[in-house]
Amino acid sequence: MKKEFASLELSKEAMKAYGNQVIDAIIEHYHTQNSKLPVAKGSREEMDSLFLEEAPEKGSEPLDVLNFVLEKVMTNSTDMSHPKSYSFVPGPSNYVSVMADTLATGFNIFSGGWVASPAAAELEIITLQWLLKIFGFPQKKGGGIFTSGGSMANLTALTTARRIKCGEDFSKAVIYLSDQAHSSNIKAIRVLGFKKEQIRIIPTDIEFKFAINKLKNCIAKDKLEGLFPFCLIATSGTTNTGTIDPLSELAAICKKEDIWFHIDGAYGAAAILSAKGKQLLKGIEKADSLTVDPHKWFFQPYEMGCLLVRNHKHLSHTFTEKPEYLRDIEGNTSEINFYDHGIQLTRMFRALKFYMSLKTYGLKEFRNAITYNIDLAEEVETLLRSSKHWQVVFPATLAIINFRYNPISKKRSKKELDAINQYISERVVSSRKALLVTTVLHGKTVLRMCLINPRTTLEDVKETLALCEEFANDRI
């Protein structure tokens, strides 16, 4: 029987037509997104009605599939780079990095080992050195790795801390973090096999910062009980409020107690490029490890996280394995195999988008964008404080502002105000005109804006606040 030949290829002409339509769609999206509704909504039943089918035995015309995706998939996905996407941590992205990702995946470059792609490994080394310098880490001794995001960077950091500080036995090890630490840290701790009894969640103070005295008391108690304090997780830019923990004080405690000092800067660390941010982030250079998320405030498309370490040998000592099938591709010590510095063996070429965007725009452009974001949040705070309708619950911090509807002329109970602000958020999201959700601070339901999109204007925010007030009138 003759076997059927399958190449999984298109003709050169078909590839050009297909590629041109994809690029045209991306460009059109970039130039029209401001005028579109940022929020997508759809139930499971609605999505099933669009997409649910058996895997097709026979293929379809390529452009028909592409048009279906553009019409049904892209339009049913929330646009996190929209100027009125204020919630969570938006992903502003940039076009050059998007094209860089297209190149990296189009050429299908394996970025795990030096022999497979020396240029990819070299660009990762170079861009990591740029980051090491930005954050004041030792450039020769320091190192790092690009990851899928902050969650994987935190997991990689904590795996390294456990290996370096505890060796094989971590049964008595204790780890410390605040009640404002990102949930990815708790997830990482669980993945690593720590019991609930080994985790110390330290309450924060009234400004949502690590409470130093409570931390010292907890460490002292644990040591007296024969436990081993091995790691502390600080945050430079909490998701809720943008708060930065007292990094220098925490670093001093860690040095005195011989504790691994990890800083989760996935959100806020990039603010170091601005003058205000650099002042607030003093002490970040003292960390043993630092998580940064370029796909947040370094304006890269998803997925791109990063872990920096003071000593690159700590990564290789934690993750290096020597299976027989890799024995022929080991380079010399200067030729880094990044699969020896993290969890993934197969890795995409993440460094390319960071490299190309920095080379294209320059650090000054990134610096200006971050400074603009911080200034915008402070302008919004001033605007809110001048209104009789709004109350600032927590001031603008690293481009995050928390506030709630609380008109001076109306005397409402806390419960009523919580309900009104929850209602405002639900109506705004349902309108699809803005992505604005709530969080809880000091037991109060508040609205939270994260303003890291350089395309967001004060006028965008004013329009959103006017929409909020319109919905609030339904409940007053």
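In short, a report on the structure. Everything quoted here is computed from the prediction, not taken from an experiment.

Quick word on the sheet that holds strand S10 (residues 438-441)
- The strand order across the open sheet built from 4 strands is S8-S9-S11-S10, with neighbouring strands paired in antiparallel fashion. Only two strands of the sheet have a single neighbouring strand rather than two, namely strand S8 (390-397) and S10. Between one strand and the next, the sheet's axes are offset by a mean angle of 35°, whatever the strand orientation.

Observations concerning the layout of surface pockets
- In this structure, the largest pocket encloses a volume near 1100 Å³.
- Around the largest pocket sit 35 residues that line it, and Ile26, His29, Met74, Asp79 and Ser81 are the ones nearest its centre.
- Of all the secondary structure elements, the ones that give two or more residues to the lining of the largest pocket are helix H1 (12-32), helix H3 (62-73) and helix H4 (95-106).
- Per-class residue counts for the lining of the largest pocket are 17 nonpolar, 12 polar and 6 charged.

Comments concerning the packing of helix H13 (residues 351-361) against helix H14 (residues 363-385)
- Viewed as axis vectors pointing N to C, H13 and H14 meet at an angle of 90°, and their least axial separation amounts to 6 Å. By the angle between their axes, H13 is roughly perpendicular relative to H14. Here Ser357, Leu358 and Tyr361 of H13 come into contact with H14, specifically with Leu363, Glu365 and Phe366.
- In terms of residue class, the contact of H13 with H14 is built from 4 nonpolar, 1 polar and 1 charged.

Some thoughts on helix H8 (residues 212-224)
- Relative to the 18 Å expected for 13 residues at 1.5 Å per residue, H8 spans 19 Å between its end C-alpha atoms, a close match to the ideal helical length.
- Along H8, the residues that are buried comprise Ile212, Leu215, Cys218, Ile219 and Asp222. Viewed along the axis of H8, the buried residues span an arc of 125°, placing them on a single side of the element. Turned more than 90 degrees away from the buried face of H8 sit Asn213 and Leu224, all of them exposed.
- Residues of H8 that are buried in the fold lie against strand S2 (173-178), strand S3 (199-202), strand S4 (228-235) and helix H9 (247-257).
- Trailing H8 by a residue or two, Gly226 shows a phi angle of about 80°, which is positive.

Brief notes about unusual backbone geometry
- Of the consecutive residues Tyr302 and Glu303, the connecting peptide bond is found in the cis state with omega at 0°.
- Mapped onto the elements of the fold, Glu303 is located in the loop between helix H11 (294-297) and strand S7 (305-309).
- Backbone geometry at Phe88 places phi at a positive 55°, although glycine is not the residue there.
- Position of Phe88 among the secondary structure elements: in the loop between H3 and H4.
- Classification of Phe88 as partly exposed rests on a relative accessible area of 47%.
- Residues other than glycine seldom take positive phi values, yet Phe208 does so here, at roughly 65°.
- Looking at the element boundaries, Phe208 is found in the loop between S3 and H8.

Remarks on the nonpolar core
- Within the largest apolar cluster, 72 residues are counted, with the highest numbers of intra-cluster contacts made by Phe135, Leu232 and Trp297.
- At 7 residues, helix H5 (residues 118-134) tops the list of elements feeding residues into this core.
- Other than its neighbours up to four places away in sequence, Phe135 contacts Ala269, Ala270, Ile272, Ile284, Glu285, Leu290, Val292, Phe298 and Leu308.
- Residues Phe403, Leu447, Met449 and Leu465 belong to the second largest nonpolar core, which totals 25 residues.

Quick look at the pairing of S8
- Counting buried positions along S8 yields 6 of 8 residues, so the element is predominantly enclosed.
- By the bridge criterion, 5 bridges tie S8 to strand S9 (residues 400-405) in an arrangement that is antiparallel. Note that in S9 the partner of Thr397 across the bridge is Ile400.

Here we look at the packing of aromatic side chains
- Enumeration according to the criterion identifies 12 aromatic pairs in this entry.
- Geometrically, the ring pair formed by Tyr267 and Trp297 is stacked, given 5.4 Å between the ring centres and 10° between the ring planes. Of this pair, Tyr267 sits in the loop between strand S5 (260-265) and helix H10 (275-280) while Trp297 sits in helix H11, and the two are 30 residues apart along the sequence.
- For Tyr267, a relative accessible area of 3% gives the class buried.
- Here Trp297 falls in the buried class, since its relative accessible area comes to 0%.
- Ring centres of Trp390 and Phe403 lie 5.4 Å apart, and the angle between their planes is 80°; this geometry places the pair in the edge-to-face category. With Trp390 in strand S8 and Phe403 in strand S9, this pair connects stretches of sequence that are 13 residues apart. Accessibility classification places Trp390 together with Phe403 in one group, the buried group.
- Here a set of aromatic residues connected by ring pairs shows up, and it is made of Phe146, Phe298 and Phe354.
- Over the aromatic face of Phe170 sits the side chain of Arg162, whose NZ or CZ is 4.5 Å from the ring centroid.
- Note that Arg310 overlies the ring of Phe137, its terminal NZ or CZ placed 5.9 Å from the centroid.

Some points on empty space enclosed by the protein
- As enumerated under the stated definition, the model contains 1 cavity of 30 Å³ or more in all.
- Computed from the structure, the largest cavity encloses a volume of approximately 60 Å³.
- Looking at the largest cavity, the residues that line it are Ile145, Phe146, Thr147, Met152, Thr156, Gly342, Ile343, Gln344 and Arg347.
- Secondary structure elements with two or more residues in the lining of the largest cavity: strand S1 (143-147) and helix H6 (150-166).
- Among the elements that line the lining of the largest cavity, the one with the most residues is S1, at 3 residues.

Conventions adopted
Residues numbered from 1 in each chain as written. Predicted model: local features only at pLDDT ≥ 70, side-chain atom pairs only at ≥ 80, totals over all residues. Heavy atoms only, no water. Pairing = 2+ DSSP bridges. Helix = DSSP H or I, 4+ residues; strand = E, 2+ residues; numbered from the N terminus. Axes fitted to C-alpha atoms, helices over the stretch in contact; angles between N-to-C directions. 1 Å grid on protein atoms, 1.4 Å probe; cavity = no way out; pocket = protein on both sides within 12 Å on 5 of 7 lines; lining within 4 Å. Points joined across faces, edges and corners; volume = space filled by probe spheres on them. Nonpolar A, V, L, I, M, F, W, Y, C, P; charged D, E, K, R; others polar. Parallel < 35°, antiparallel > 145°, perpendicular 65-115°, else oblique. Contact = heavy atoms within 4.5 Å. Expected span 1.5 Å × (residues − 1). Buried < 20%, exposed > 50% of the residue type's maximum accessible area, 1.4 Å probe, protein only. Arc of directions from axis to C-beta. Core = buried A, V, L, I, M, F, W, Y, C linked by side-chain atoms within 4.5 Å. Phe/Tyr/Trp six-rings, centres within 6.5 Å; stacked < 30°, edge-to-face > 60°. Lys NZ or Arg CZ within 6 Å of the ring centre and 35° of its normal.

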